[in-house]
Amino acid sequence: MTDLEKNLEEKIKLFLNYKTVSGGMNRVYIQTLRRFEKFCYENFAAQKELTQEMIDSWCQKKSSELNGSRNTRIKVVRAFIKFLNQRALSCIELPVLLKSEKSKYIPHSFTEEELKAFFFECDHICKDSRRFSNYKNLVVPVLFRLLYSSGIRTTEARLLKREDVDFENGILKIRKGKGSDKHYVALHSSTVDMLKKYDFAMDKLKKNRTYFFEKSNGSFFDTSWLSRCFRECWYRANKTSAVPYDLRHNYATTNINSWETDSFEFNDKLFFLSKSMGHKKLVSTLYYYSIVPRLSETIKDKTESDLNEIIKEVNYEE
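The structure reproduced in this document is the subject of the present report.

What counts and how
- Per chain, the residues get numbers from 1 upward, laid out in the order the sequence is written.
- The model is predicted, so local features are restricted to residues of pLDDT at least 70 and side-chain atom pairs to those at 80 or more, both for listing and for counting; the totals for chains, interfaces and linings are taken over all residues.
- Excluded from the side-chain calculations are hydrogens and water; all other atoms, namely the structure's heavy atoms, are used.
- Secondary structure is summarised from DSSP: a helix means a run of H or I of at least four residues, a strand means a run of E of at least two, and numbering begins at the N terminus for each.
- Residue contacts are defined here by distance: any two heavy atoms, one from each residue, within 4.5 Å place the two residues in contact.
- Accessible surface is estimated by sampling points in the Shrake-Rupley manner with a 1.4 Å probe; for residues, cover comes only from the protein chains shown.
- Only protein chains enter the calculation, and the probe is 1.4 Å; a residue is then buried if its accessible area is under 20% of its type maximum, exposed if over 50%, and partly exposed in between.
- To define axes, lines are fitted to C-alpha atoms, for helices over the stretch in contact only, and angles between the resulting N-to-C directions are given on a 0 to 180 degree scale.
- Any angle from 65 to 115 degrees is called roughly perpendicular, while one under 35 is roughly parallel, one over 145 is roughly antiparallel, and all others are oblique.
- A crossing counts as left-handed when the near helix is turned anticlockwise from the far one by less than a right angle, and as right-handed when that turn is clockwise.
- Just so you know the grouping, Ala, Val, Leu, Ile, Met, Phe, Trp, Tyr, Cys and Pro go in nonpolar, Asp, Glu, Lys and Arg go in charged, and all remaining residues, Gly too, go in polar.
- Note on pairing: two strands pair once DSSP finds at least 2 bridges between them.
- Residues enter patches when they are more than 30% accessible in relative terms and free of salt bridges; like-charged ones are connected within 9 Å and nonpolar ones (Val, Leu, Ile, Met, Phe, Trp, Tyr) within 5 Å.
- We define a salt bridge as a contact between a side-chain nitrogen of Lys or Arg and a carboxyl oxygen of Asp or Glu at a distance within 4 Å.
- Contacts described as polar in this section are N or O atom pairs within 3.5 Å, which, within protein, must combine one atom able to donate a hydrogen with one able to accept it, while residues neighboring in sequence count only if both atoms come from side chains.
- Among buried residues, the Ala, Val, Leu, Ile, Met, Phe, Trp, Tyr and Cys ones that are joined through side-chain atoms within 4.5 Å form a nonpolar core.

### Section: the overall build of the protein
For step 1, the next point in the chain: For the protein, the count of helices and strands is 13 helices and 3 strands.
For step 2, the next point in the chain: The long-range share in the protein, meaning contacts at least 24 apart out of those at least 6 apart in sequence, stands at 60%.
For step 3, the next point in the chain: Accessible surface, the protein as shown: approximately 18100 Å² in total, 51% of it carbon and sulfur.

Pasting the structure below:
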């Protein structure tokens, strides 16, 4: 083992132990740091310890990357360097996060017919013979209905732990939301009943689950699996394009469209919706209507005078 390998291995082990003890550990840290290690060994074999040049080289934006995807790739290494600097184990400058480009994606606006056809396919999805997908026929109908009826993020659903589902009060405790903020989501009684039935059925097949939606190996389902299942059901039933995250957009816009015109009550509901969806600021919730012209006009009519005082930078004409 070279000096560089010893040096990096020791520091990474300290960092991963820290993340494990602090409860912030996940496999992304391990995978990213192992790739970073390999990059350093292949490109800086003559070095004896971690250097600024290694970090700058790793964090350089690739021609195939957007600013946002580049930021996602370097965040783990950035946290690693911050950990070392705070403990005087290095004096390397933290890599700067680039300003993410504005998304040009317009979420799909579901019709009632599309959703009925989609959930019909979810209910009739075939059991997969592969080892890690053999609960698909139980998981898929419940997972996508939960996304549809609660507005939680796909990541929050995948990482949801069984202990964080409060059947008695109909509440989800979201531990790992965007930005790692904890928040709570109140569920409709029909959703609670659905989750109870699923949990009962799964408990017969797999005792002592950690994750509410859990693979047979005890881990959670990954993003690619969820997207693959969504596409399988969606395109069997519909010809339009959609992605799983559109269910969250649908939850926000459907709720806002259903509210009464009283501006005081409307503002209260917008605030509660924002908290339920795990947003730190109302402006994050307002994003969901800024990309839907008809909804934008609806909220403008109901709340313009009040919201202009709170969120002055929102442009209703976007």
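Having put the structure on the table, let's press on.
### Quick notes on unusual backbone geometry
For step 1, the next point in the chain: Even without being a glycine, alanine 88 presents a positive backbone phi close to 55°.
For step 2, the next point in the chain: Summarising the element assignment, alanine 88 is placed in the loop between helix H4 (67-86) and helix H5 (112-123).
For step 3, the next point in the chain: Phi is positive for asparagine 208, which is not a glycine, with a value near 55°.
For step 4, the next point in the chain: Under the relative-accessibility criterion, asparagine 208 is labelled exposed at 70%.

### Examining the packing of helix H1 (residues 3-22) against helix H2 (residues 27-43)
For step 1, the next point in the chain: Direction vectors running N to C along H1 and H2 enclose 165°, while the axes themselves pass 11 Å from each other. Accordingly, the angle class assigned to the pair H1 and H2 is roughly antiparallel. Our pair here, H1 against H2, has a crossing hand that is right-handed. Contacts between H1 and H2 involve Leu4, Glu5, Leu8, Glu9, Ile12, Phe15, Leu16 and Lys19 on the former and, on the latter, Tyr29, Ile30, Leu33, Arg34, Phe36, Glu37, Cys40 and Tyr41.
For step 2, the next point in the chain: Looking at the contact of H1 with H2 residue by residue, the classes come out as 11 nonpolar, no polar and 5 charged.

### Observations regarding the pairing of strand S2 (residues 171-174)
For step 1, the next point in the chain: Burial along S2 is one-sided: Leu172 and Ile174 are buried, and none of Ile171 and Lys173, which face the opposite way, are.
For step 2, the next point in the chain: Pairing of strand S1 (residues 165-166) with S2, which is carried by 2 bridges, proceeds in the antiparallel orientation. Residue pairing in the sheet places aspartate 166 in a bridge with isoleucine 171 of S2.
For step 3, the next point in the chain: Counting the residues in the hairpin turn of S1 and S2 gives 4 residues, including glycine 170, whose phi is positive at 65°.
For step 4, the next point in the chain: Direction of pairing for S2 relative to strand S3 (residues 183-186): antiparallel, over a ladder of 4 bridges. Note that in S3 the partner of leucine 172 across the bridge is valine 185.

### Thoughts on a nonpolar patch on the surface
For step 1, the next point in the chain: Taken together, Tyr105, Val243 and Tyr245 make up a surface patch of nonpolar side chains, about 250 Å² in accessible area.
For step 2, the next point in the chain: Structurally, the position occupied by tyrosine 105 is in the loop between H4 and H5.

### A word on the environment of aspartate 222
For step 1, the next point in the chain: Topologically, aspartate 222 is positioned in the loop between helix H8 (189-205) and helix H9 (223-237).
For step 2, the next point in the chain: Judged by its relative accessible area of 24%, aspartate 222 falls in the partly exposed class.
For step 3, the next point in the chain: Counting along the chain gives 63 residues from aspartate 222 to leucine 159, while the straight-line C-alpha distance between them is 9.1 Å.
For step 4, the next point in the chain: Discounting chain neighbours no more than four positions away, the residues touching aspartate 222 are Arg27 and Arg158.
For step 5, the next point in the chain: Side chain to side chain, aspartate 222 and serine 224 meet in a polar contact 2.9 Å long.

### Here's the deal with the pattern of salt bridges
For step 1, the next point in the chain: Here the structure, examined in full by the defined rule, presents 15 salt bridges.
For step 2, the next point in the chain: Here aspartate 203 and arginine 162 are joined by a salt bridge, their closest N and O atoms 3.4 Å apart. In this pair, aspartate 203 is assigned in helix H8 and arginine 162 in the loop between helix H7 (154-158) and S1, connecting sequence segments 41 residues apart.
For step 3, the next point in the chain: Residues arginine 209 and aspartate 199 are paired through a salt bridge, measuring 2.8 Å at the closest nitrogen-oxygen approach. Placement of arginine 209 in the loop between H8 and H9 and of aspartate 199 in helix H8 is noted, with a sequence separation of 10 residues between them.

### Some remarks on the nonpolar core
For step 1, the next point in the chain: Within the largest apolar cluster, 38 residues are counted, with the highest numbers of intra-cluster contacts made by Phe144, Leu172, Leu195 and Phe213.
For step 2, the next point in the chain: Where this core is concerned, the elements lending two or more residues are H5, helix H6 (136-150), S2, H8 and H9.
For step 3, the next point in the chain: Not counting chain neighbours up to four residues away, the residues in contact with leucine 172 comprise Leu146, Ile152, Leu160, Asp164, Val165, His183, Tyr184, Val185, Leu187 and Leu195.
For step 4, the next point in the chain: Judged by nonpolar contacts, the second largest core, of 24 residues, contains Leu8, Phe36, Cys40 and Phe44.

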